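# Chain and residue survey
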Amino acid sequence: MPDRRSQRGPHPSDPRLFAPDQLPALRAAVADFNWLLSRGYAEKSALELVGNRYHLTARQRTAVMRCACAQADGERRRAKQVAVAQLAGQVIELDGLNVLVTVEAALAGAVILHGGDGAYRDLCSVHGTYRRVQQTVAAMMHIGEILAEHRPTLCRWRLDRPVSNSGRLKTTLLETADRRGWNWEADLVADPDYELARSPHIVASSDRVVLDRCGRWFNLAREVVDRRAPGAWIVALTGGPITPPTTQPATASSSPPPAPPSSPEP
């Protein structure tokens, strides 16, 4: 069935799956999963073990997997993370769909997972096709404004060529950058993970494979969500705070809160 959603809001089951009474079991599962990963257990078998022990659904298991992090991996990722003040004068390579979809999801009020490595991750799945949603334009604007504020010399978006509509997304990104005077490039590549992992520049991604292999990375999605989506539903299963969902999804804007105006449609 084609994806006809107009926004990336929460899954209908999320209020139940991530309700306060579910959090102790989810946090215990992440702690056990981290322990197993830190001792060399395979991810698939370790996830099955903790998922069965705590009677987790498939969606909860995905959340556990995306929050978890072996101790050594977390330490290496944090050592390679650059601060926002280090972006000036640098080339930034963006894991395009990874960053954009996470910000879209946060603006729509979907669950945003606070991983053990500090990165924010969503529970959305593109499934071979990227579909523009209500939050797409505002997400682009927020990302662009945050980056422009910190003055990198170039922002290069890496987009998945095999994903349908990536070409249209590339056009929208470049048109948006042209109107705003942002120095952006957008490339369609067969494997963004491979390109980002070998990049000599700062990488913006929350993909675990990319973070493990790249030289330097910036936590862009978290920077944007924290500053531009104050009502986002943040779920931290590694001991951090839990932000419950707001009555209405976080709204998008082209200015930081409070009372931001809506971003224009390109």
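Residues numbered from 1 in each chain as written. Predicted model: local features only at pLDDT ≥ 70, side-chain atom pairs only at ≥ 80, totals over all residues. Heavy atoms only, no water.

## Some words on the sheet that holds strand β8 (residues 233–236)
Under the convention used in this document: A pair of strands is labelled paired if DSSP reports no fewer than 2 bridges between them. A run of H or I in DSSP counts as a helix once it spans at least four residues, and a run of E counts as a strand once it spans at least two, with each numbered from the N terminus. Convention adopted: a line fitted to C-alpha atoms gives each axis, helices being fitted over their contacting stretch, and angles between N-to-C directions are expressed from 0 to 180 degrees. Note on contacts: a residue pair qualifies if any of its non-hydrogen atoms lie within 4.5 Å across the two residues.
Spatial strand order, β3-β2-β8: three strands in an open sheet with mixed pairing. Two strands in the sheet have a free side with no partner beyond their single neighbour: β3 (120–122) and β8. Across this sheet, the average inter-strand angle for adjacent strands is 35°, counted without regard to direction. Sheet strands touched by helix α11 (residues 220–228): β2 (111–114), β3 and β8. Its angle to β3, the strand with the most contacts, is close to 85°.

## Description of the packing of helix α3 (residues 43–53) against helix α4 (residues 58–67)
Worth spelling out the cut-off: In these notes the angle categories are as follows: under 35 degrees is roughly parallel, over 145 is roughly antiparallel, 65 to 115 is roughly perpendicular, and the rest is oblique. Here a crossing is called left-handed whenever its near helix is offset anticlockwise from the far helix by less than a right angle, and right-handed whenever the offset is clockwise. Residue type decides the class: Asp, Glu, Lys and Arg count as charged, Ala, Val, Leu, Ile, Met, Phe, Trp, Tyr, Cys and Pro as nonpolar, and the leftover types, Gly among them, as polar.
Two elements in contact, α3 and α4, have axes whose closest approach is 10 Å; the angle formed by their N-to-C orientations is 125°. As summarised for this structure, α3 and α4 are arranged oblique, according to the angle between their axes. For the element pair α3 and α4, the recorded crossing hand is right-handed. For the pair α3 and α4, the contacting residues are Glu43, Leu47, Glu48, Gly51 and Asn52 in the first and Arg61, Val64 and Met65 in the second. Considering only residue class, the contact of α3 with α4 consists of three nonpolar, two polar and three charged.

## As for the nonpolar core
The test is simple: Joining through side-chain atoms within 4.5 Å is the link that ties buried Ala, Val, Leu, Ile, Met, Phe, Trp, Tyr and Cys residues into a set, and such a set is a nonpolar core. Buried means the residue's accessible area, taken with a 1.4 Å probe over protein chains only, is under 20% of the maximum for its type, while exposed means over 50%, and partly exposed covers the values in between.
By size, the foremost hydrophobic cluster in this structure holds 44 residues, and its most contacted members are Leu94, Leu100, Ile143, Trp157, Leu169 and Leu220. Where this core is concerned, the elements lending two or more residues are β1 (91–95), α6 (96–107), α7 (136–149), β4 (154–160), α8 (166–180), β5 (184–189), β6 (202–204) and α11. Sequence-distant contacts of isoleucine 143, defined by excluding residues within four places in its chain, comprise Leu94, Val99, Leu100, Val103, Trp157, Leu220 and Val224. One finds Phe33, Leu47, Val111 and Val235 within the second-largest nonpolar core, a separate group that totals 25 residues.

## Observations regarding the layout of surface pockets
So the rule is basically this: Both cavities and pockets are sets of points on a 1 Å grid over the protein atoms alone; in a cavity a 1.4 Å probe fits but cannot get out, in a pocket the set is open with protein on both sides within 12 Å along at least five of seven lines, and lining residues sit with an atom within 4 Å of a point. Grid points are joined across faces, edges and corners, and a volume is the space filled by probe spheres set on the points.
Its boundaries defined by the atoms lining it, the largest pocket holds a volume of some 570 Å³. Arg66, Asn98, Asp122, Cys124 and Asp207 are, among the 19 residues lining the largest pocket, the residues nearest its centre. Counting only elements with at least two residues in the lining of the largest pocket, the list comes to α6, β3, α9 (192–197) and α10 (208–213). With four residues, the single largest contributor to the lining of the largest pocket is α6. For the lining of the largest pocket, the residue count by class is seven nonpolar, four polar and eight charged.

## Points about the packing of aromatic side chains
Worth spelling out the cut-off: Pairing of aromatic side chains here covers Phe, Tyr and the six-membered ring of Trp, requires ring centres within 6.5 Å, and sorts the geometry by plane angle: under 30 degrees stacked, over 60 edge-to-face, intermediate tilted.
For the structure shown, the criterion picks out two aromatic pairs. Ring geometry for tryptophan 157 versus tryptophan 184: centroids 5.3 Å apart, planes at 55°, classification tilted. Here tryptophan 184 lies in strand β5 and tryptophan 157 lies in strand β4, a separation of 27 residues in the sequence. Residue tryptophan 184 is classed as buried on the basis of its relative accessible area of 9%. The interplanar angle of 35° and the centroid separation of 5.0 Å between the aromatic rings of tryptophan 182 and tryptophan 184 together place this pair among those described as tilted. Residue classification places tryptophan 182 among the buried positions, given a relative accessible area of 13%. A network of ring pairs unites the aromatic residues Trp157, Trp182 and Trp184 as a single cluster.

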